[in-house]
Amino acid sequence: MEFSPAKLNTFLFFKLPSAFWCGVRVKSISPTICVATVKHRWLNQNPFNSIYFAVQAMAAELTTGALVMYQIKKSKKNISMLVANNKGNFTKKAKGRITFTCSDGAIIEEAIQKTIATGEGQTLWLKSIGVDAQGDVVSEMDFEWSVRLKQ
């Protein structure tokens, strides 16, 4: 798969339809940074008139997971990936359009190279930060990814 926002959003439609229908969309991806957005609307709301925490988690996880997928494809090796753990911190109601950004591509590349070199699985924590239109942080999500060579 080519790594472009359009291809990743098509991937969402077929492989993660709940994220797609909730409005999660990849806006940009590079070797080091992935950006996704989600807009508050009826389908993804909570009873407090903001975006449901799980929808925020889907957008945040996508930014980290897309970068892991990008680096795996770049390595040209058969590597598996799995979320092993996650944690989140919510600091403000998520209203309007929220932009999630993960800038940990270099950390991922290093872990992938170490996995290839040693043959041992690696775990790494990746952070995605969600900000609203005013630039205020509404949530920070951390995902522990596990990567290992497939046998």
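Procedures and definitions
Residues numbered from 1 in each chain as written. Predicted model: local features only at pLDDT ≥ 70, side-chain atom pairs only at ≥ 80, totals over all residues. Heavy atoms only, no water. Helix = DSSP H or I, 4+ residues; strand = E, 2+ residues; numbered from the N terminus. Rg over C-alpha atoms; globule rule 2.2 N^0.38 Å. Buried < 20%, exposed > 50% of the residue type's maximum accessible area, 1.4 Å probe, protein only. Contact = heavy atoms within 4.5 Å. Areas by Shrake-Rupley, 256 points an atom, 1.4 Å probe, with all protein chains shown as cover. Lys, Arg positive; Asp, Glu negative; His and termini not counted. Charge placed at Lys NZ, Arg CZ, Asp CG, Glu CD. Salt bridge = Lys/Arg side-chain N within 4 Å of Asp/Glu carboxyl O.

## Considering the overall build of the protein chain
So, point 1. Along its length, the protein chain carries four helices and six strands.
So, point 2. Helices and strands appear in the protein chain in the N-to-C order α-α-β-β-α-β-β-α-β-β.
So, point 3. Computed over C-alpha atoms, the radius of gyration of the protein chain comes to 15 Å, within 12% of the 15 Å expected from 2.2 N^0.38 for 151 residues, which places it in the range of a compact globule.
So, point 4. When the backbone C-alpha atoms are referred to their principal axes, the protein chain occupies close to 50 × 30 × 25 Å.
So, point 5. For the protein chain, the proportion of its 151 residues judged to be buried stands at 42%.
So, point 6. Taking the contacts inside the protein chain whose residues are at least 6 apart along the sequence as the reference set, 66% of them involve residues at least 24 apart.
So, point 7. Accessible surface, the protein chain: about 8,100 Å² in total, of which carbon and sulfur atoms supply 56%.
So, point 8. Charge separation in the protein chain, taken as the distance between the mean sites of 19 positive and 11 negative side-chain charges, equals 9 Å.

## A few points about the side chain of Thr-37
So, point 1. Residue placement: Thr-37 occurs in strand β2 (residues 34-39).
So, point 2. The contact partners of Thr-37, leaving out residues within four places of it in the chain, are Gly-23, Val-24, Arg-25, Lys-27, Arg-97, Ile-98 and Thr-99.

## Regarding the pattern of salt bridges
So, point 1. Within this structure, the stated rule accounts for five salt bridges.
So, point 2. Two residues, Lys-92 and Asp-132, come together in a salt bridge whose shortest N-O distance is 2.9 Å. Placement of the pair is Lys-92 in the loop between β3 (79-90) and β4 (97-102) and Asp-132 in the loop between β5 (122-131) and β6 (137-149), with a sequence separation of 40 residues.
So, point 3. For Asp-132, a relative accessible area of 7% gives the class buried.
So, point 4. With a closest N to O distance of 3.3 Å, Lys-127 and Glu-140 form a salt bridge. Highlighted residues: Lys-127 in strand β5 and Glu-140 in strand β6, separated in sequence by 13 residues.
So, point 5. Note on Glu-140: relative accessible area 26%, which makes it partly exposed.
So, point 6. Beyond isolated ion pairs, a larger network of salt bridges with shared partners links Lys-92, Asp-132 and Asp-136.

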